[in-house]
Amino acid sequence: MICPKCGREIPDGTVCPCTLERPPLSDNPALNALKTVGSSPLFLALAVLMSLSALLTVFSSLGMGDAMSNIYIYARQMGLDWEEIEAVMNAMRSTSVVSAVLGAAPAILTAVAMWLHYSTCMGRQNGNISTAGLTICKVLSYISLVGLCIAALLVLCGFAIVIIAFLVSDAPLGSMFGAYGGYSYGGGYSDEEATIAVVVVLAVFALIIGFAMGLAIAYQASIIRMINRTKTVAATGMADDRVSGYLVGMTGFSAVCSLISGLLGLFTAPLTGAAGIAGGVGLILMIVLLRTYGKAMNQVLYPPVQPMTPPMYGVPQSPAVYAPPQEQPPQDAQPPQPPVG
């Protein structure tokens, strides 16, 4: 018996395994791989963790009950009227809510982007998927990239101005620090040597900070490249298995930092610490999803090939070539006899 669906030969009266398999999410192999990863339970867990992290961040920003109660006590001790105190408290509550939502806006938008991408990957239409969630993540990465570039420029310019001020100043180094202007440096160092030492220390700090911010800028750029490649796959249906190792490594480093800060924050601010732990676990899931995505795209680009059947008895078998049959004389034919006189 041959299955009419997949053409597989199966025993009579049995059910073909193809009926038990999950139908593909798209007829296009690249889109099917993208949708499979985006609709997997791991991606669902990632969306849940990102939402939980954003919610805990908002709640931690709103946790100002103790501070407001202290302000209320101080206001009563100062003799303020109850109506004035209530007006001030209401203004502070509304301001804290707005500031909490604005402060957690990146986390909230990231969670929304995860849910949008998950919902579009769950669809079984054969056309291109929506890239709204990827676009939100891309915009957030661009904002972070621009902010890091501006911050790095300001910090490095500040270090450069301080170093130049030390180098061009004719005043003794001690006089720049006020009360210690007449202090003599131990070990017989001159003022010029002390100035050079301070400049070297500042330069080293500037290099370390610049290197760290350069890594962060490159990380945001790597995220943008990955999003662009994924959007290209979604738009064209052409597979692309390029997943940056730097992106995976920096995501792992960010996850470790987030987990450590979250664990330490549990002792001082439990909600903030829990938000950090949820974000760190989400980043770990992101690493797993990136590797799964790369493997799925690689299988689309280079599908497995069935091995060739080895020849029997070690004799190479040449392909059969059709040859027309040759006419042979009959075996029982007798030579002609001479006529009898």
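Definitions and cut-offs
Residues numbered from 1 in each chain as written. Predicted model: local features only at pLDDT ≥ 70, side-chain atom pairs only at ≥ 80, totals over all residues. Heavy atoms only, no water. Helix = DSSP H or I, 4+ residues; strand = E, 2+ residues; numbered from the N terminus. Contact = heavy atoms within 4.5 Å. Areas by Shrake-Rupley, 256 points an atom, 1.4 Å probe, with all protein chains shown as cover. Buried < 20%, exposed > 50% of the residue type's maximum accessible area, 1.4 Å probe, protein only. Core = buried A, V, L, I, M, F, W, Y, C linked by side-chain atoms within 4.5 Å. Axes fitted to C-alpha atoms, helices over the stretch in contact; angles between N-to-C directions. Parallel < 35°, antiparallel > 145°, perpendicular 65-115°, else oblique. Left-handed = near helix turned anticlockwise from the far one by under 90°. Nonpolar A, V, L, I, M, F, W, Y, C, P; charged D, E, K, R; others polar. Polar contact = N/O pair within 3.5 Å; in protein donor to acceptor, adjacent residues only side chain to side chain. Salt bridge = Lys/Arg side-chain N within 4 Å of Asp/Glu carboxyl O. Patch = residues over 30% accessible without salt bridge, like charges linked within 9 Å, V, L, I, M, F, W, Y side chains within 5 Å. pLDDT = per-residue confidence, 0-100. Phe/Tyr/Trp six-rings, centres within 6.5 Å; stacked < 30°, edge-to-face > 60°.

### Comments concerning the overall build of the protein chain
No. 1: For the protein chain, the count of helices and strands is 9 helices and 0 strands.
No. 2: In the protein chain, once contacts between residues fewer than 6 apart in sequence are set aside, the share between residues at least 24 apart is 68%.
No. 3: Taken as a whole, the protein chain presents about 22,300 Å² of accessible surface, with 69% of it coming from carbon and sulfur.

### Section: the side chain of S258
No. 1: Among the structural elements, S258 can be located in helix α8 (residues 245-265).
No. 2: Assessed through its relative accessible area of 16%, S258 is described here as buried.
No. 3: The residues contacting S258, other than those within four sequence positions of it, are G276, I277, G279 and G280.

### A word on the nonpolar core
No. 1: Core analysis: the largest hydrophobic core is formed by 31 residues, its most contacted members being L34, M114, Y293 and M297.
No. 2: For this core, the secondary structure elements donating two or more residues are α1 (29-38), α2 (41-62), α5 (105-122), α6 (132-168), α7 (191-236), α8 and α9 (270-301).
No. 3: Judged by nonpolar contacts, the second largest core, of 6 residues, contains I163, F166, V199 and A206.

### Some words on the packing of α1 against α9
No. 1: As a packed pair, α1 and α9 sit with axes 9 Å apart at the nearest point and diverge in direction by 160°. One element, α1, and the other, α9, form an angle in the roughly antiparallel class. Relative to α9, the crossing made by α1 is right-handed. On α9, the residues touching P29, A30, A33, L34 and V37 of α1 are L289, T292, Y293, A296, M297 and V300.
No. 2: The residue makeup of the contact of α1 with α9, split by class, is 10 nonpolar, 1 polar and no charged.

### Things to note about α1
For an α-helix, 3.6 residues make a turn, and residues three or four places apart therefore share a direction.
No. 1: By the criterion of burial, α1 is predominantly enclosed, with 7 of the 10 residues buried.
No. 2: Turning to α1, its buried residues number three or more, namely A30, L31, A33, L34, K35, V37 and G38.
No. 3: Put simply, N28 is the residue that caps the front of α1, since its side-chain oxygen is 2.9 Å from the backbone nitrogen of A30.

### Some details on the environment of A132
No. 1: Mapped onto the fold, A132 is located in helix α6.
No. 2: Taking the C-alpha atoms as reference points, A132 and V112, 20 residues apart in sequence, are found 10.0 Å from one another.

### Description of the packing of α5 against α6
No. 1: Axis separation between α5 and α6 bottoms out at 7 Å; the angle between their running directions is 155°. In terms of orientation, α5 and α6 fall into the roughly antiparallel class. In the packing of α5 onto α6, the handedness of the crossing is left-handed. In this structure, α5 contributes P106, L109, T110, A113, M114, L116 and H117 to the contact, and α6 contributes A132, G133, L134, I136, C137 and L140.
No. 2: Taken together, the residues that form the contact of α5 with α6 break down as 10 nonpolar, 3 polar and no charged.

### Focus: the environment of V58
No. 1: Locating V58 in the fold gives a position in helix α2.
No. 2: Separated by 46 residues in sequence, V58 and A104 place their C-alpha atoms 6.1 Å apart.

### Some details on the pattern of salt bridges
No. 1: As enumerated under the stated definition, the model contains 1 salt bridge in all.
No. 2: Of the charged contacts, one joins R242 and D240 as a salt bridge, the two residues approaching to 2.9 Å between their closest N and O atoms.
No. 3: Its relative accessible area of 14% is what places D240 among the buried residues.

### With respect to a nonpolar patch on the surface
No. 1: Together, I196, V200, V204 and I208 give the surface a local cluster of nonpolar side chains, amounting to about 360 Å² of exposed area.
No. 2: Residue placement: V204 occurs in helix α7.
No. 3: Residue V204 is classed as partly exposed on the basis of its relative accessible area of 42%.

### Concerning the confidence of the model for the protein chain
No. 1: In this model, the protein chain carries a mean pLDDT of 78, and residues with pLDDT of at least 70 account for 65%.
No. 2: Put simply, helix α3 (residues 65-77) is where the protein chain has its lowest mean pLDDT, 54, and α8 is where it has its highest, 93.
No. 3: Segment residues 178-185 is flagged for pLDDT under 50; beyond a separation of four residues in sequence, or across chains, it makes 8 contacts in the model.

### Section: the packing of aromatic side chains
No. 1: Counting across every chain of the model gives 1 aromatic pair.
No. 2: Centroid distance W115 to Y118: 6.2 Å. Interplanar angle 90°. Geometry classified as edge-to-face. Highlighted residues: W115 and Y118, both in helix α5, separated by 3 residues, approximately one helical turn.
No. 3: On the basis of relative accessibility, which here comes to 36%, the residue W115 falls in the partly exposed class.

### Observations concerning the environment of L31
No. 1: One can find L31 in helix α1.
No. 2: In sequence terms L31 and A239 are 208 residues apart; their C-alpha atoms lie 8.0 Å from each other.

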